[in-house]
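Now for the letters of each chain:
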Amino acid sequence: MLKIQDYRPQPFIDFTKAENVQAYEAALKKVRAELVGKHYPMVIDGERVDTAEKLTSLNPCDTSEVVGTTAKATIEDAERALQGAWKAFETWKTWDMDARARILLKASAKLKERRLEACALMSIEVGKNYAEADVEVAEAIDFLEYYARSAMKYSGFGSSETTWFEGEENGLMSLPLGVGVSISPWNFPCAIFVGMLAAPIVVGNCVIAKPAEDSGLIAGFIADIMYEAGLPAGVLQFLPGVGKDVGEYLTTHAKTRFITFTGSRAVGLHINEVAAKVQPGQKWIKKVVLELGGKDGMIVDETADLEVAITAAVQGAFGFNGQKCSAMSRLIVVDAVYDDVVNGFVERAGKLKMGTGEENANVTAVVNQMSFDKIKGYLELAPQEGKVLLGGEAPGECNGKQGYYIQATIVGDVKRDARMAQEEIFGPVISVIRAKDWQDALDIANSTEYGLTGGVCSRDRARLEQARQELEVGNLYFNRKITGAIVGVQPFGGYNMSGTDSKAGGPDYLAYFMQLKTVTERW
Ligand code: NDP
């Protein structure tokens, strides 16, 4: 019997050990030989289907290199995938919960075997360094293991408790919804892609998975693992394509039962709007799960261990170049320790090395031209909105390689309502904001429309308790970095404009993909 109590998160690989670095380098070689240059077609109803047009995935750290290609789904392909998934649903929904869970566990076993390959592919396709890639693949494995085990509580009649009533049997059944579309981002192209398809599938739904254009290869690699693990035809339709075309078509479609989306606030809100409009022939209100952006702040007060705070700031700000929804993009420091914290932060961040993911650099290239241009715009704004204390340039090349390179940048004395303090930049550009005192710092932290992650470095117990109640964030961290949530340990998801707070990797996440039926029988 599968039990959630038996779930344990994957340990991370220790890259201070030479043998682990060598193993990673060997995986990079293998991936270069076997996966780079590969083409992934769509998979519809268990068949590999190709398109005349293709989507190209570039190495962001060396844009002269094409990492590979995927098919580019058309509207007709999306329609076929939707119809086929509904057909597959008729059978898939009748499978026992543990039989479905077993497929997730088998996929997890396969991903464990190919862990370093998945990591290496992400180093090349999106520029993750070794530790960032490893933490992500560990998270993908955790999602499979955790959701397989959490599904057990929804198995069978009476799965949720009801109160006893004389003369009757009463109980709740948890039933899958039907066919949904899962639209994922490029920044966690393995873990989020896996999590967003595995959760609905394990409880009996069928999913059309549309990966982000910039990370189609790792998505194809993961989809193959799911098929090898035994997912029947049509349960997972792999549909690489353009968000504005097939994504829009599917989120609007009358036959789409649910949507799970992780990405930007703008696209997420748009999806929410189109999904709310009932189409001719539509029989249900679509369920929409949204995980959106952030403008995450960490407060440092005068009681804090400044060494702990500085380490937390560097890790939280610059891990994967700040391209995490959870990244610390605002450092809020009370006046009494402002200079000490900022000097330490600038000094430590100044030691970060720029280079490629394959070289295991600390700061690599950002994902694509659009992102590069957008971040450059903020670098131009920086001297008007604060003092540039570190970086500030977008060289666009490193060690002779053309790529989307942006320097680790720290901007001091940014005003709380400046654009740089309010808008998600999604790159290695950090605003430091000076607060008068603790209460002012808390007010600043709560002054954006987002509410994803946040943190406090302080040794004052009363302040930590106040922050526990008052900081409007879905994930709050004390005296550590504000990134790196672990499945099952720190259920993840944001408040306010950061999303529907659905808490991926949490005990109730699967419930989003089910409907309940209460059944009463009079004895
Ligand atoms: P985007 O919103 O640009 O894209 C996300 C996905 O939506 C992509 O697959 C994209 O396809 C697709 N898409 C684009 N337009 C539409 C449309 N009209 N209809 C349907 N789908 C569409 O986000 P990014 O990929 O740039 O990801 C970064 C963002 O994700 C950041 O804002 C970050 O904060 C957020 N994020 C949030 C997380 C959370 O848990 N809260 C976790 C990780 C990231 P295509 O690639 O073809 O454009």
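Residues numbered from 1 in each chain as written. Predicted model: local features only at pLDDT ≥ 70, side-chain atom pairs only at ≥ 80, totals over all residues. Heavy atoms only, no water.

**Student:** Quick one: what's the story with the overall build of the protein, residue by residue and with numbers?
**Tutor:** The helix and strand tally for the protein stands at 15 helices and 23 strands. Against the compact-globule benchmark of 24 Å for 523 residues, the protein has a radius of gyration of 23 Å, which places it among compact chains. In terms of principal-axis extent, the alpha carbons of the protein reach across some 70 × 60 × 50 Å. Counting every position in the protein, which comprises 523 residues, the buried fraction comes to 58%. Restricting the contact set of the protein to residue pairs at least 6 apart, pairs at least 24 apart contribute 76%. Looking at the protein as shown, the accessible area adds up to about 20800 Å², and 51% of this sits on carbon and sulfur atoms. (Helix = DSSP H or I, 4+ residues; strand = E, 2+ residues; numbered from the N terminus. Rg over C-alpha atoms; globule rule 2.2 N^0.38 Å. Buried < 20%, exposed > 50% of the residue type's maximum accessible area, 1.4 Å probe, protein only. Contact = heavy atoms within 4.5 Å. Areas by Shrake-Rupley, 256 points an atom, 1.4 Å probe, with all protein chains shown as cover.)

**Student:** Explain the side chain of Asp134 to me, and be specific about the residues and the numbers.
**Tutor:** Residue position: Asp134 is located in helix H5 (residues 130-150). A distance of 2.8 Å separates a polar atom in the side chain of Asp134 from the backbone nitrogen of Ile13. Beyond its immediate sequence surroundings of up to four residues, Asp134 is in contact with Phe12, Ile13, Phe15, Arg115 and Cys119. (Polar contact = N/O pair within 3.5 Å; in protein donor to acceptor, adjacent residues only side chain to side chain.)

**Student:** Can you tell me about the sheet that holds strand E17 (residues 409-412), naming the residues and giving the values?
**Tutor:** With mixed pairing, the seven strands of this open sheet are ordered in space as E14-E17-E18-E13-E12-E20-E21. Looking at the sheet topology across the chains shown, the edges are occupied by strand E14 (387-390) and strand E21 (475-478). Direction aside, the axes of adjacent strands within the sheet are offset by 20° on average. In this sheet, E17 lies alongside E14 in antiparallel orientation, the contact comprising three bridges. Bridge pairing links Val388 to Val411 in E17. (Pairing = 2+ DSSP bridges. Axes fitted to C-alpha atoms, helices over the stretch in contact; angles between N-to-C directions.)

**Student:** Hey, could you go over the site of the ligand for me, with residue numbers and the actual values?
**Tutor:** Around the ligand, the structure places 31 residues, and the nearest of them are Glu213, Gly243, Ser264, Leu292 and Glu424. Within the side chain of Lys210, one N or O atom sits 3.1 Å away from an oxygen atom of the ligand. In isolation the ligand offers 910 Å² of accessible surface; the protein chains occlude 88% of this area. Looking at the shell around the ligand, the elements that each hand over two or more residues are helix H8 (243-252), strand E10 (258-262) and helix H9 (265-276). Examining the composition of the shell around the ligand, we find that four residues originate from one element, H8, more than from any other. Its residues placed into classes, the shell around the ligand shows 15 nonpolar, ten polar and six charged. (Near = heavy atom within 4 Å. Nonpolar A, V, L, I, M, F, W, Y, C, P; charged D, E, K, R; others polar.)

**Student:** Can you lay out the side chain of Asn187 for me, pointing to particular residues and giving the numbers?
**Tutor:** Relative to the helices and strands, Asn187 resides in the loop between strand E7 (179-183) and helix H6 (191-202). Since its relative accessible area comes to 5%, Asn187 is described here as buried. Within the local environment of Asn187, its side chain forms a polar contact with the backbone oxygen of Gln323, the two atoms lying 3.1 Å apart. In this structure, Asn187 is in contact with Lys128, Glu136, Phe320, Gln323, Lys324, Cys325 and Phe426, ignoring residues within four places of it in sequence.

**Student:** Could you give me a rundown of the nonpolar core, with the residues and numbers involved?
**Tutor:** By size, the foremost hydrophobic cluster in this structure holds 108 residues, and its most contacted members are Leu111, Tyr147, Phe221, Leu236, Leu239 and Leu510. Apart from the residues within four sequence positions on either side, Leu111 is in contact with Ala118, Val137, Ala140, Ile141, Leu144, Phe221, Ile222 and Ile225. Grouped together as the second largest cluster of nonpolar side chains are 67 residues, Leu390, Ala435, Leu442 and Phe492 included. (Core = buried A, V, L, I, M, F, W, Y, C linked by side-chain atoms within 4.5 Å.)

**Student:** Any details on the packing of aromatic side chains? Residues and values, ideally.
**Tutor:** Counted by the stated rule, this structure contains 18 aromatic pairs. Look at Phe372 and Tyr404: their rings are 6.1 Å apart centre to centre, the planes differ by 50°, and that puts the pair in the tilted class. Residue Phe372 is found in helix H12 (residues 369-385), and its partner Tyr404 is found in the loop between strand E16 (401-402) and E17; the two are separated by 32 residues along the sequence. In this structure, Phe372 and Tyr404 share a single accessibility class: buried. Relative to Phe513, the ring of Tyr509 has its centre 5.4 Å away and its plane inclined at 75°; by these criteria the two rings are edge-to-face. Here the two residues Tyr509 and Phe513 agree in accessibility, since each one is buried. Each residue in the set Tyr7, Phe143, Tyr146, Tyr147, Phe258, Tyr509, Tyr512 and Phe513 is aromatic and connected to the rest through ring pairs, giving one cluster. Across the ring face of Trp92, the terminal group of Arg100 is positioned such that the distance to the ring centre comes to 5.9 Å. Positioned over the ring face of Tyr338 is Arg434, at 3.8 Å from the centre of the ring. (Phe/Tyr/Trp six-rings, centres within 6.5 Å; stacked < 30°, edge-to-face > 60°. Lys NZ or Arg CZ within 6 Å of the ring centre and 35° of its normal.)

**Student:** So what's going on with the sheet that holds strand E4 (residues 54-59)? Which residues, and what values?
**Tutor:** Pairing is mixed across the open sheet formed by three strands, whose spatial order is E1-E5-E4. The open sheet terminates on both sides in strands that have one partner only, identified here as strand E1 (38-40) and E4. On average, adjacent strands in this sheet sit at an angle of 35° to one another, irrespective of strand direction. As paired strands, E4 and strand E5 (residues 62-71) are joined by six bridges and run antiparallel to one another. If you follow Leu58 over to E5, its bridge partner there is Val66.

**Student:** Please give an account of the packing of H8 against H9 that cites residues and values.
**Tutor:** It is the contact of H8 with H9, at a shortest axis distance of 8 Å, that shows an interaxial angle of 40°. In this view, H8 runs oblique relative to H9, as classed from their interaxial angle. On H9, the residues that touch Glu248, Thr251 and Thr252 of H8 are His270, Ile271, Val274 and Ala275. A breakdown of the residues in the contact of H8 with H9 according to their chemical character gives three nonpolar, three polar and one charged. (Parallel < 35°, antiparallel > 145°, perpendicular 65-115°, else oblique.)

**Student:** Can you explain unusual backbone geometry? Please cite residues and give values.
**Tutor:** Its identity as a non-glycine residue notwithstanding, Phe426 has a phi of 60°, on the positive side. Structurally, the position occupied by Phe426 is in the loop between helix H13 (419-422) and strand E18 (429-435). The class of Phe426 is buried, set by a relative accessible area of 16%. Positioned with a positive phi, Asp501 is a non-glycine residue whose angle comes to about 55°.

**Student:** If you had to explain helix H7 (residues 216-228) to someone new, which residues and values would you point to?
**Tutor:** Here H7 spans 18 Å end to end across 13 residues, near enough to the 18 Å set by a 1.5 Å rise per residue. Most of H7 is tucked away, with twelve of its 13 residues classed as buried. By the burial criterion, the buried members of H7 are Gly216, Leu217, Ile218, Ala219, Gly220, Phe221, Ile222, Ala223, Asp224, Ile225, Met226 and Tyr227. Just downstream of H7, Gly230 is the residue with a positive phi angle, here 115°. (Expected span 1.5 Å × (residues − 1).)

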